[in-house]
Amino acid sequence: MNRLFGAKNNTPKPTLTSAISNVDSRIESIDVKLAKLTAELSTYQQRLGRMRDGPGKSAIKQKAIKILQQRKMYESQKDQLQQQSWNMEQAGMMQDNLKNTMATVDAMKTTQKELKRQYGKVDIDKIDRLQDEMAELMEVGNDIQESISRSYDVPEDVDEAELDAELEALGDDVELHGEGLGEDAMPGFLTESAGPPQFIDEAPVMGKAKEAAT
């Protein structure tokens, strides 16, 4: 059966990353060959510069031409491989961008479903009733504060003319009680007729007063 239809190939298909790696390895191998050919070509050029015209110089010149042709061939192959590597890298970048875009779209879809589920639990009517209850509670609080801060038996409006009359009457009363007290007048409690203070039980004795003073 395998001879008729062929054996099934179980080899994994190469990925874009592995293909780029293989091409880069080939480019590095060509760089090594180019360096070797360039060194040989430089040697032949130095020898040709020191030789005179003749059959020997012509033979070396033919070898140098062959090496130069090989170097051009490898350079052309290197350019092709570099272009292939660059094309694959661009394809890889496009693939990565596509993956990022798909991941972003999936995240947006998941977020949208979650928002719908969360907003579906919100009852607007309950929120409106809660707002109305809060407004009523604020009004009750304001009424309580106004009641507590109310003044007692204190007139809110004060007549300035009446206050001036009371102040003037108070000044007249002070002047009336202050008559008879001049600058040299002595208060009544310091006069001889006033007598000793009532809170002293006995009159002081002169001799004892002197002893106490000494």
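Conventions adopted
- Residues numbered from 1 in each chain as written.
- Predicted model: local features only at pLDDT ≥ 70, side-chain atom pairs only at ≥ 80, totals over all residues.
- Heavy atoms only, no water.
- Helix = DSSP H or I, 4+ residues; strand = E, 2+ residues; numbered from the N terminus.
- Buried < 20%, exposed > 50% of the residue type's maximum accessible area, 1.4 Å probe, protein only.
- Contact = heavy atoms within 4.5 Å.
- Core = buried A, V, L, I, M, F, W, Y, C linked by side-chain atoms within 4.5 Å.
- pLDDT = per-residue confidence, 0-100.
- Patch = residues over 30% accessible without salt bridge, like charges linked within 9 Å, V, L, I, M, F, W, Y side chains within 5 Å.
- Areas by Shrake-Rupley, 256 points an atom, 1.4 Å probe, with all protein chains shown as cover.
- Salt bridge = Lys/Arg side-chain N within 4 Å of Asp/Glu carboxyl O.
- Lys, Arg positive; Asp, Glu negative; His and termini not counted.
- Charge placed at Lys NZ, Arg CZ, Asp CG, Glu CD.
- Axes fitted to C-alpha atoms, helices over the stretch in contact; angles between N-to-C directions.
- Parallel < 35°, antiparallel > 145°, perpendicular 65-115°, else oblique.
- Left-handed = near helix turned anticlockwise from the far one by under 90°.

(A) Inspection of the overall build of the protein at higher detail. In terms of helices and strands, the protein carries six helices and zero strands. For the protein, the α and β elements follow one another from N to C terminus as α-α-α-α-α-α. Out of the 214 residues belonging to the protein, those deemed buried represent 8%. Considering only contacts within the protein whose residues lie at least 6 apart along the sequence, 74% involve residues at least 24 apart.

(B) Region of the structure containing the nonpolar core. Val23, Ile30, Tyr44, Ile67, Tyr74 and Leu81 are the most contacted members of the largest nonpolar core, which totals 15 residues. Elements with a contribution of two residues or more to this core: α2 (16-50) and α3 (55-120). With nine residues, α2 is the largest single contributor of residues to this core. Every residue in contact with Tyr44, bar those within four places of it in the chain, is listed here: Ile60, Lys63, Ala64 and Ile67.

(C) Main features of the confidence of the model for the protein. The share of residues in the protein with pLDDT of 70 or more is 71%, and the mean pLDDT across the chain is 77. Per-element confidence in the protein ranges from a low mean pLDDT of 49 for helix α6 (residues 206-213) to a high of 90 for α3.

(D) Region of interest: a negative patch on the surface. Residues Asp123, Asp125, Asp128, Asp132, Glu133, Glu136, Glu139, Asp143 and Glu146 make up a contiguous surface patch of negative charge. Relative to the elements of secondary structure, Asp128 occurs in helix α4 (residues 124-148).

(E) How the structure looks around the pattern of salt bridges. For the structure on display, the rule yields three salt bridges. With a shortest N-O distance of 3.8 Å, Glu75 and Arg71 are connected by a salt bridge. Of this pair, Glu75 and Arg71 both sit in helix α3, four residues apart, which is roughly one turn of that helix. Under the relative-accessibility criterion, Arg71 is labelled partly exposed at 22%.

(F) A look at the packing of α2 against α3. Interhelical geometry of α2 versus α3 gives an angle of 160° and a closest axis separation of 8 Å. Regarding the angle of α2 to α3, the classification is roughly antiparallel. Between α2 and α3 the crossing geometry is left-handed.

(G) Structural detail: a nonpolar patch on the surface. Side chains of Leu115, Tyr119, Val122, Ile124 and Ile127 sit close together on the surface and give an oily, nonpolar patch of about 490 Å² of accessible area. Residue assignment for the nonpolar patch shows that the elements contributing at least two residues are α3 and α4. Considering the arrangement of structural elements, one finds Ile124 in helix α4. We classify Ile124 as exposed; its relative accessible area is 52%.

(H) Looking closely at a positive patch on the surface. Residues Arg47, Arg50, Lys63 and Lys66 make up a contiguous surface patch of positive charge. Broken down by secondary-structure element, the contributors of at least two residues to the positive patch are α2 and α3. Note that Arg47 resides in helix α2.

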